[in-house]
Amino acid sequence: SGNLVIKNDEITSDNIFFSGNLVDIDNEFDHTIVVTGYQVKLSGTYKNDVIVFSNLANLEGEFLGNVIVFGNSISVDGDIKGNLYSFSNSGNFSKSIEKDAFIFSNSAIFNSTNEIQGNISIFAANANFDGKVGKNLISYASSTIINGTIDGNVRASSEKLQLLDNAKVNGKVINTSQNEALVDSGAKIKDIDWIKVSPTNESRRLNIFNIIVSILT
């Protein structure tokens, strides 16, 4: 199908499903909507849940409910009041998530402007976290790099866990890995518990993750 552009008050019906090659929506919706397209851009205000299927998804509106997004490349530049469920090859997250975030991605980047008030669970090949988490961060990633603030605990099952100079963890860091965590001198870490595992067990966990990512993307 062709392009679909919806601006301001152009739609007044209770349409639920929107589809097009390029979908650009800047409107207010009171109900749950489902959007599909090769490229999807959502501005405006969404008062209920939003579900997106897209190759390129840019979410820059205000989302008062839960957001579920499937895509090759996902960029979240808008505030989410509910939970975020993101399944992608690459994900970039820049704004606030009021509840919990569940991220399945090959590459997940959380910028310094990103704030998650609840918990975050990351299943990725590479996870780079530079924002703030109000509760706990759980990471199953080959590489987990933290340069932000975690008010709760960090639980990482990674080949490499690195805590950079700006990292601050107010709870405990639990590193389940064959390798010891790399901690920069400026990092503010209270307690690290290293649970050393064999390479065989770690490879098995990562292989399972790779299978999940290949199915989703």
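Refer to the structure printed above.
Each value, and the rule that gives it
- Residues numbered from 1 in each chain as written.
- Predicted model: local features only at pLDDT ≥ 70, side-chain atom pairs only at ≥ 80, totals over all residues.
- Heavy atoms only, no water.
- Helix = DSSP H or I, 4+ residues; strand = E, 2+ residues; numbered from the N terminus.
- Contact = heavy atoms within 4.5 Å.
- Areas by Shrake-Rupley, 256 points an atom, 1.4 Å probe, with all protein chains shown as cover.
- Buried < 20%, exposed > 50% of the residue type's maximum accessible area, 1.4 Å probe, protein only.
- Phe/Tyr/Trp six-rings, centres within 6.5 Å; stacked < 30°, edge-to-face > 60°.

Bringing the overall build of the protein into the picture now. Helix and strand counts for the protein come out as one helix and 20 strands. Taking contacts inside the protein between residues at least 6 apart in sequence as the whole, the part at least 24 apart equals 4%. Total accessible area on the protein is roughly 9,900 Å²; 47% of this is exposed by carbon and sulfur atoms.

Note that Ser142 resides in strand 14 (residues 137-146). Since its relative accessible area comes to 23%, Ser142 is described here as partly exposed. Through-space distance from the C-alpha of Ser142 to that of Leu161 is 8.5 Å; in sequence the pair is 19 residues apart.

Attention now goes to the packing of aromatic side chains. Applying the stated rule across the entire model yields eleven aromatic pairs. Taking the centre distance of 5.0 Å and the plane angle of 10 degrees together, the rings of Tyr46 and Phe63 count as stacked. Remark: Phe63 occurs in strand 5 (residues 62-63) and Tyr46 occurs in strand 3 (residues 33-46); sequence separation between them is 17 residues. Considered together, Tyr46 and Phe63 belong to a single accessibility category, that of buried residues. Geometrically, the ring pair formed by Phe70 and Phe87 is stacked, given 4.7 Å between the ring centres and 10 degrees between the ring planes. Of the two residues, Phe70 is situated in strand 6 (residues 67-76) and Phe87 in strand 8 (residues 84-93); the sequence distance between them amounts to 17 residues. For Phe87, a relative accessible area of 14% puts it in the buried group. Ring-pair connections join several aromatic residues into one group, and the members of that group are Phe53, Phe70, Phe87, Phe104, Phe123 and Tyr140.

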